[in-house]
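Chain and residue survey
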Amino acid sequence: MTRNFLAIGECMVEMAPTGEGTYRLGFAGDTLNTAWYTRRLLPDGWNVSYLTGVGRDSVSDEMLTFFEGAGIGTDLIQRFDDRTVGLYIIQLTDGERSFSYWRSDSAARQLARDGARLDAALAAADVIYFSGITLAILPKEQRGGFLEAVKAARTRGATIAFDPNLRPRLWEAVEIMCASVMEAAAVSDVVLPSFEDEATYFGDAGPMETVNRYTDAGAPLVIVKNGPGEVLWQVDGAPWTFQVPPVTEVVDTTAAGDSFNAAFLASHLQGADLETSVAAGARLAAQVIGRRGALVDLSQTV
Ligand code: AMP
């Protein structure tokens, strides 16, 4: 029986410097990165699809072609006449990367506008993956409806995975971000936070505080990533840790958490135990941060 993994969020056009005064056009976004790696790791019995909004212009067509080329289903993507996809440019100044964004009016921000359409899209999913960025880009008044739809899908039996991915610049205020993220955790089966962000915005003194906060909100499983430090989770009140493999040359940490989530979930959803699944997450993240860019060709690294 085919199972359906659905990632929800925003993919943007990425303009990355080539070093020769020109820019290379690509596509990236946190939930898309996770969908991309998940597609590579799950076997054929799984469909991996992406739910977002795009325009009807040629760059939106190109984005959909990119998804399809990566084996990611596009049937649930809504097209809007009056909008297009968001864009960011990476600029290199003395070796330091800086980012400029044009995303405040992107088509993806409308992905939850039509509640009936959203419900229908979620109804077919066995696994739903989204992030704090997915919530942040929605108009404030649509976030509650979005989480209600996720909750209804969970009640019907879907597994919900959520990465808080705290990005205060995308939110109206830090307090709103923190409150929304806790509401999302309350409708999730697996929460996948990164400790550094959690400590910064929630003031957690240590990773166990992060586990406890999300567990108390109602999440049955919380896997706390911590850069090169131990991954921490808890089973029946007992702590478990996994020391991630050291990476001697960290080239680019873009998508470390996104790729960790993909490999963890692909392993966990196929029935592996938690330690094996965390190890799979850490192994993939180590490969990804050893190379430039978010989407690394695994055939060249494994
Ligand atoms: P983060 O979101 O920064 O906590 O990182 C997510 C995952 O990427 C971690 O759990 C590690 O598996 C991996 N990772 C990130 N940074 C490093 C690093 N400097 N060395 C080894 N692994 C890392």
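Figured I'd write up the structure that's included with this text. Owing to the predicted nature of the structure, the values given are computational and were not obtained by experimental measurement.

Lining the immediate surroundings of the ligand are 16 residues, of which S194, N226, G227, V244 and A285 lie closest. Here N226 contributes a backbone N or O atom positioned 3.4 Å from an oxygen atom of the ligand. With respect to the ligand, the backbone of G227 contributes an N or O atom lying 2.7 Å from an oxygen atom. In the complex, 84% of the free accessible area of the ligand, which totals 470 Å², lies under the protein chains. At the level of secondary structure, the elements contributing two or more residues to the shell around the ligand comprise α9 (256–269) and α10 (274–289). The residue makeup of the shell around the ligand, split by class, is 11 nonpolar, four polar and one charged.

To continue, consider the layout of surface pockets. Counted as a void, the second largest pocket has a volume near 170 Å³. Residue lining of the second largest pocket: 11 residues in total, with L41, A263, A280, R283 and L284 positioned closest to the centre. Residue assignment for the lining of the second largest pocket shows that the elements contributing at least two residues are α9 and α10. Element by element, the count of residues in the lining of the second largest pocket is highest for α10, at four residues. Taken together, the residues of the lining of the second largest pocket break down into seven nonpolar, three polar and one charged.

With that out of the way, let us pick up the pairing of strand β9 (residues 127–131). With five of its five residues buried, β9 lies for the most part within the structure. Burial along β9 is two-sided: the face carrying V127, Y129 and S131 and the face carrying I128 and F130 are both buried. With three bridges joining them, strand β1 (residues 3–8) and β9 adopt parallel strand pairing. Looking across to β9, one finds that L6 is bridged to I128. Summarising the sheet, β9 and strand β10 (residues 159–163) pair through five bridges and their orientation is parallel.

Our next topic: the sheet that holds β1. Strand pairing within a sheet occurs via backbone hydrogen bonds; the two strands may be parallel or antiparallel. On the basis of which strands lie adjacent, the open sheet formed by six strands has the order β4-β1-β9-β10-β11-β12 and parallel pairing. Because the sheet does not close on itself, it has two edges, and the strands there are β4 (46–51) and β12 (221–222).

This part takes up the packing of aromatic side chains. Under the counting rule described, the total for this entry stands at 12 aromatic pairs. Each ring, one from F66 and one from F67, has its centre 6.1 Å from the other, and the planes form 55°; the classification is tilted. Ring geometry for F130 and F146: centres 5.4 Å apart, planes at 75°, overall edge-to-face. A residue pair is termed long-range when its members are at least 10 positions apart, and F130 in strand β9 and F146 in helix α5 (residues 140–155) qualify at 16 residues. The pair formed by F130 and F146 is uniform in burial state, with each residue classed as buried. Through successive ring pairs, a cluster of aromatic residues spans F27, Y50, F66 and F67. Here R213 stacks its cationic end above the ring of F202, 3.6 Å away from the centre of that ring. We note R213 situated over the ring of Y214; from NZ or CZ to the ring centre the distance is 4.4 Å.

The subject of this paragraph is helix α8 (residues 207–217). Those residues of α8 that fall on the buried side of the exposure criterion are T210, V211, R213 and Y214. Angular distribution of buried residues about the axis of α8 spans 165°; they occupy a single face of the element. Those residues of α8 hidden inside the fold are in contact with α6 (174–186), β11 (190–191), α7 (195–202), β12 and β13 (231–235). A positive backbone phi angle near 120° is found at G218, which sits one or two residues after α8.

The subject of this paragraph is empty space enclosed by the protein. Per the stated rule, a full pass over the model turns up one cavity of 30 Å³ or more. L51, T52, L76, Q78, L111, D114, R117, L118 and A121 together form the lining of the largest cavity. Take the lining of the largest cavity: its biggest share by element is three residues, from helix α3 (residues 115–123). Counted by class, the lining of the largest cavity contains five nonpolar, two polar and two charged residues.

Of all hydrophobic cores here, the largest spans 52 residues; its most connected members are F5, F67, I223 and F264. If one sorts the elements of this core by residue count, α10 sits on top with eight residues. Among residues more than four places away in sequence, those in contact with F5 are T38, L42, W46, N47, V48, S49, V127, Y129, L265 and L269. L6, A121, L138 and A184 belong to the second-largest nonpolar core, a separate cluster that totals 42 residues.

Each value, and the rule that gives it
- Residues numbered from 1 in each chain as written.
- Predicted model: local features only at pLDDT ≥ 70, side-chain atom pairs only at ≥ 80, totals over all residues.
- Heavy atoms only, no water.
- Near = heavy atom within 4 Å.
- Polar contact = N/O pair within 3.5 Å; in protein donor to acceptor, adjacent residues only side chain to side chain.
- Areas by Shrake-Rupley, 256 points an atom, 1.4 Å probe, with all protein chains shown as cover.
- Helix = DSSP H or I, 4+ residues; strand = E, 2+ residues; numbered from the N terminus.
- Nonpolar A, V, L, I, M, F, W, Y, C, P; charged D, E, K, R; others polar.
- 1 Å grid on protein atoms, 1.4 Å probe; cavity = no way out; pocket = protein on both sides within 12 Å on 5 of 7 lines; lining within 4 Å.
- Points joined across faces, edges and corners; volume = space filled by probe spheres on them.
- Buried < 20%, exposed > 50% of the residue type's maximum accessible area, 1.4 Å probe, protein only.
- Pairing = 2+ DSSP bridges.
- Phe/Tyr/Trp six-rings, centres within 6.5 Å; stacked < 30°, edge-to-face > 60°.
- Lys NZ or Arg CZ within 6 Å of the ring centre and 35° of its normal.
- Arc of directions from axis to C-beta.
- Contact = heavy atoms within 4.5 Å.
- Core = buried A, V, L, I, M, F, W, Y, C linked by side-chain atoms within 4.5 Å.

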